[in-house]
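Reading the structure
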Amino acid sequence: MKRVVEVLDGVGGLLSPYGLAPAAVGLKYLAGEPDVPAFGVSGGQVLGLLEEDPLAGRAPNSAKHFAAAGTAQAPGRARLLALAELLERYSAAMAQDSGAVVRASAEELGDEAIDLMSFPRLSAEEYASPGQRLAPPDPSAPIRWVRGWSLTRRRQVYVPAVVAWMGCVPQRPAERIWHPVSTGYAVHGDLRSAVMQALCECVERDMVSSVWLRKLPLPRLEVGDDADLGEEAQAMLTRFRRSVLDVPHLFDATSDLGVPTIYLVGVAPDSSRVATMVACAAGADPQQVLAKVLREAVGYRVALHSGHAATGKVEDFEEVMDGAVFMARPEQSEAFDFLLSSRRSRHLSDLPTLACGDTDTQLDVLVERLREGGMEAVAVEVTTDEARDVGLSAVRVFVPQLVPLSFRHDARYLGHPRLQDAPERLGYPECVAEEINPLPQPFG
C-alpha cells in the first residue's frame with residue numbers, strides 16, 4: 001500500500017505546461033489572518049464533455065473549467081494537494097466510457113442494480129416548485145447505467161450514469177433524479193484507500209447537511225492541551241492564536257456510524273465580508289481529522305474573500321459558493337447561534353476512532369456499519385488515463401441512504417427519511433420534527 005508521500009509524489013508529475021495543470025499559484029491571505037501555505041491550480045478549458053442537454057435547451061458543453069486548491073504546513077505539499085484535488089475533479093467528469101453504458105429500466109435490471117427507490121428524494125413542495133429540474137425516480141423508465149461494485153453486498157451492481165459521473169448530462173426526464181456534486185470522489189495510489197477516503201467524505205457531507213438543515217445543537221469539542229494533539233493540529237492552532245481571528249469553535253458532529261467528524265465555525269467579528277464560515281472533516285483518526293478541518297478552514301477563508309457575492313433570491317441559489325458567501329456576511333451571524341450557544345461539551349479524546357489496524361481493516365469496519373444500518377455503499381472506478389499514468393486510481397462512492405449535500409436551495413432533498421429522523425437518531429429530541437432551516441447552506 002502506498003504511503004501518502006508516495007501518492008503525492010506521483011501527482012506531481014501532472015504539474016507541467018503539458019500536464020493536467022501548467023502551474024500552481026500561491027493564494028494570498030488578508031493581513032493578520034493565519035498564513036498557512038495555500039495554492040490554487042487550474043486545468044483550464046478541458047475538452048470532452050460533449051453531451052447535449054435537450055431537456056434544458058442548452059447547446060453541447062464543449063469545454064469545462066477545472067480548478068482546485070490545497071493547504072498544508074509545507075508549500076510543496078500544499079501544491080501537490082491542490083493538484084490531487086484537481087485530478088479528482090477531472091476524473092469525476094471525464095471518465096466516461098460509452099461502451100460500458102447499459103440502457104435499461106430499474107425493473108428490468110432487478111437486484112442487479114442499486115435500489116432506485118432508496119435514492120434521496122425532494123419534498124413534495126420542492127418537486128412542485130417552479131423551474132424544478134429534478135423528478136422522482138421512475139423504476140419503469142429506461143435510463144443509462146454503468147457497472148459498479150456494491151461494498152455492502154460484495155457483488156457487481158449497476159449505478160445510474162448520472163450518479164457515477166459528474167459530467168454525465170441527463171438525456172431524458174427519468175435521468176433527472178440527481179444534481180451532480182463532488183461528494184464521494186477520491187484519488188489515491190491504492191484503490192481501497194481511495195474508497196475509504198470517499199466513504200468518509202460521504203459520512204462528512206451527511207452530517208454537514210443534517211446539522212444545518214435540522215439546526216442540530218452539537219456539543220462543543222474541547223481539545224485540551226496542545227501536548228495532547230498531533231503536530232499539525234498544534235501548529236494550526238498556534239497560527240490561529242497569532243492571527244486577528246477568533247480561535248475556531250469546534251463541535252463533535254460524529255454520527256451514528258461512529259466515524260470521527262468535526263464541524264468548525266470560524267468567527268471574525270471585525271470582518272465586513274467573512275464574519276462567519278464553517279468547515280467539516282471526517283476520517284479514521286480524531287487528531288488527523290482535527291488537523292484537516294483547521295487546515296481547510298484557513299484555505300476556505302481565502303475562497304470566501306475572493307468569491308463573487310451571491311446575487312438574486314436565496315431560492316435561486318445553485319452555485320457551490322452562493323450560500324457560503326451569503327451566510328458569511330455579518331448580518332447573518334445570528335443564524336449560527338444554535339451552534340455557538342451550545343453548552344454541552346465533549347473532549348477530543350472521547351471521540352470514537354476507526355484507526356484500528358491498516359486501511360483495509362478500517363474500510364471493512366465502516367462497510368459493516370453501513371450494512372448493519374441498512375445502507376448500501378457502491379463504488380465505481382473512474383480512473384482516467386492521466387491518473388493511471390502516474391500510478392493513481394480514482395473512485396466514486398455513493399451511499400443513497402445518507403443525506404446528500406446540495407447547493408441548490410430549491411432541491412435540498414427535504415423528503416429524505418434520514419433527514420427527517422436525524423434529531424432523534426442523533427440524540428436531539430428537542431428539535432421539532434418539521435422544523436427546517438430556511439437559510440442557505442453555508443458550507444461550500
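Now for a look at the structure at hand. (Residues numbered from 1 in each chain as written. Predicted model: local features only at pLDDT ≥ 70, side-chain atom pairs only at ≥ 80, totals over all residues. Heavy atoms only, no water.)

**Some points on helix H11 (residues 359-372)**
Given 3.6 residues per turn, any residue in an α-helix points the same way as the ones three and four places further on. If you check H11, its first and last C-alpha atoms are 20 Å apart, about what 14 residues at 1.5 Å a residue would give, namely 20 Å. What H11 keeps buried is the set Thr-359, Gln-362, Leu-363, Leu-366, Val-367 and Leu-370. Each buried residue of H11 lies within a common arc of 130° when the element is viewed along its axis, so the set occupies one face. Buried residues along H11 sit against helix H6 (191-213). Taken from the residues just after H11, Gly-374 is the one with a positive phi, measuring 75°. (Helix = DSSP H or I, 4+ residues; strand = E, 2+ residues; numbered from the N terminus. Expected span 1.5 Å × (residues − 1). Buried < 20%, exposed > 50% of the residue type's maximum accessible area, 1.4 Å probe, protein only. Arc of directions from axis to C-beta. Contact = heavy atoms within 4.5 Å.)

**Observations concerning empty space enclosed by the protein**
Counted according to the given criterion, the structure contains 3 cavities of 30 Å³ or more. Roughly 140 Å³ of volume is contained in the largest cavity. Lining the largest cavity are 17 residues; nearest its centre among them are Ser-406, Phe-407, Arg-408, Arg-412 and Gln-441. Elements represented by at least two residues in the lining of the largest cavity include exactly H6 and helix H9 (322-327). In this structure, the second largest cavity occupies an estimated 120 Å³ of space. Lining the second largest cavity are 15 residues, with Trp-178, Thr-183, Phe-398, Val-399 and Pro-404 sitting closest to its centre. Looking at the lining of the second largest cavity, the elements that each hand over two or more residues are H6 and strand E14 (393-398). It is E14 that contributes the most residues to the lining of the second largest cavity, 3 residues altogether. For the lining of the second largest cavity, the residue count by class is 12 nonpolar, 1 polar and 2 charged. (1 Å grid on protein atoms, 1.4 Å probe; cavity = no way out; pocket = protein on both sides within 12 Å on 5 of 7 lines; lining within 4 Å. Points joined across faces, edges and corners; volume = space filled by probe spheres on them. Nonpolar A, V, L, I, M, F, W, Y, C, P; charged D, E, K, R; others polar.)

**Thoughts on the packing of H6 against H11**
Relative orientation of the contacting elements H6 and H11 amounts to 45°, with a least axis distance of 10 Å. In this view, H6 runs oblique relative to H11, as classed from their interaxial angle. Crossing of H6 against H11: the hand is left-handed. On the side of H6, the interface is formed by Arg-192, Ser-193, Val-195, Met-196, Leu-199 and Cys-200, while H11 contributes Thr-359, Asp-360, Gln-362, Leu-363, Asp-364, Leu-366, Val-367 and Leu-370. Broken down by class, the residue content of the contact of H6 with H11 amounts to 8 nonpolar, 3 polar and 3 charged. (Axes fitted to C-alpha atoms, helices over the stretch in contact; angles between N-to-C directions. Parallel < 35°, antiparallel > 145°, perpendicular 65-115°, else oblique. Left-handed = near helix turned anticlockwise from the far one by under 90°.)

**Notes on the layout of surface pockets**
Its volume calculated, the second largest pocket comes out at about 300 Å³. Lining the second largest pocket are 18 residues, and of these Trp-149, Leu-151, Arg-192, Val-195 and Leu-363 sit closest to its centre. Counting only elements with at least two residues in the lining of the second largest pocket, the list comes to strand E5 (143-150), H6, H11 and strand E13 (378-381). Tallying contributions element by element places H11 first for the lining of the second largest pocket, with 5 residues. Within the lining of the second largest pocket, the residues separate by chemical class into 9 nonpolar, 2 polar and 7 charged.

**Description of the pairing of strand E11 (residues 276-282)**
The element E11 is extensively covered by neighbouring structure, given that 7 of its 7 residues are classed as buried. Going residue by residue along E11, you find Thr-276, Val-278, Cys-280 and Ala-282 tucked away on one face and Met-277, Ala-279 and Ala-281 tucked away on the opposite face as well. In terms of strand pairing, strand E10 (residues 261-267) meets E11 through 7 bridges, oriented antiparallel. Looking at the pairing, Thr-261 lines up with Ala-282 of E11. (Pairing = 2+ DSSP bridges.)

**Digging into the packing of aromatic side chains**
In this description, an aromatic ring pair is defined by two values, namely the gap between the centres and the angle between the planes. The final tally for this structure, using the stated rule, is 6 aromatic pairs. Considering the side-chain rings of Trp-178 and Tyr-413, the 5.8 Å spacing of their centres and the 40° angle between planes classify their relative orientation as tilted. Residue Trp-178 is located in the loop between helix H5 (161-164) and strand E7 (185-188), and its partner Tyr-413 is located in the loop between E14 and helix H13 (417-420); the two are separated by 235 residues in the primary sequence. Tyr-413 carries the same exposure label as Trp-178, and that label is buried. Note on Phe-317 and Phe-326: the rings are 5.7 Å apart at their centroids and 70° apart in plane angle, and the pair reads as edge-to-face. Pair check on accessibility: Phe-317 and Phe-326 agree, each one buried. (Phe/Tyr/Trp six-rings, centres within 6.5 Å; stacked < 30°, edge-to-face > 60°.)

**Describing the environment of Trp-145**
Looking at the secondary structure, you find Trp-145 in strand E5. Separated by 12 residues in sequence, Trp-145 and Val-157 place their C-alpha atoms 9.5 Å apart.

**Things to note about the pattern of salt bridges**
Taken as a whole, this structure holds 22 salt bridges when the rule is applied. A salt bridge links Arg-155 to Asp-111; the nearest nitrogen and oxygen atoms lie 3.9 Å apart. Remark: Asp-111 occurs in the loop between helix H3 (106-109) and helix H4 (124-127) and Arg-155 occurs in strand E6 (residues 155-160); sequence separation between them is 44 residues. Taking the relative accessible area as the measure of exposure, Arg-155 reaches 27% and is therefore partly exposed. Classification of Asp-111 by relative accessible area gives exposed; the value is 51%. Asp-421 is the partner of Arg-425 in a salt bridge, and the nearest nitrogen-oxygen pair spans 3.3 Å. Overall, Asp-421 belongs to the partly exposed group, its relative accessible area being 36%. (Salt bridge = Lys/Arg side-chain N within 4 Å of Asp/Glu carboxyl O.)

**Some points on the nonpolar core**
Trp-145, Leu-218 and Tyr-263 are the most contacted members of the largest nonpolar core, which has 80 residues in total. Broken down by element, the residue count for this core peaks at 9 residues, all from helix H2 (residues 75-94). Counting residues in each nonpolar core, the second largest holds 34 residues, with Ala-233, Val-274, Val-289 and Leu-304 among its members. (Core = buried A, V, L, I, M, F, W, Y, C linked by side-chain atoms within 4.5 Å.)

Keep in mind these values describe shape, not function.
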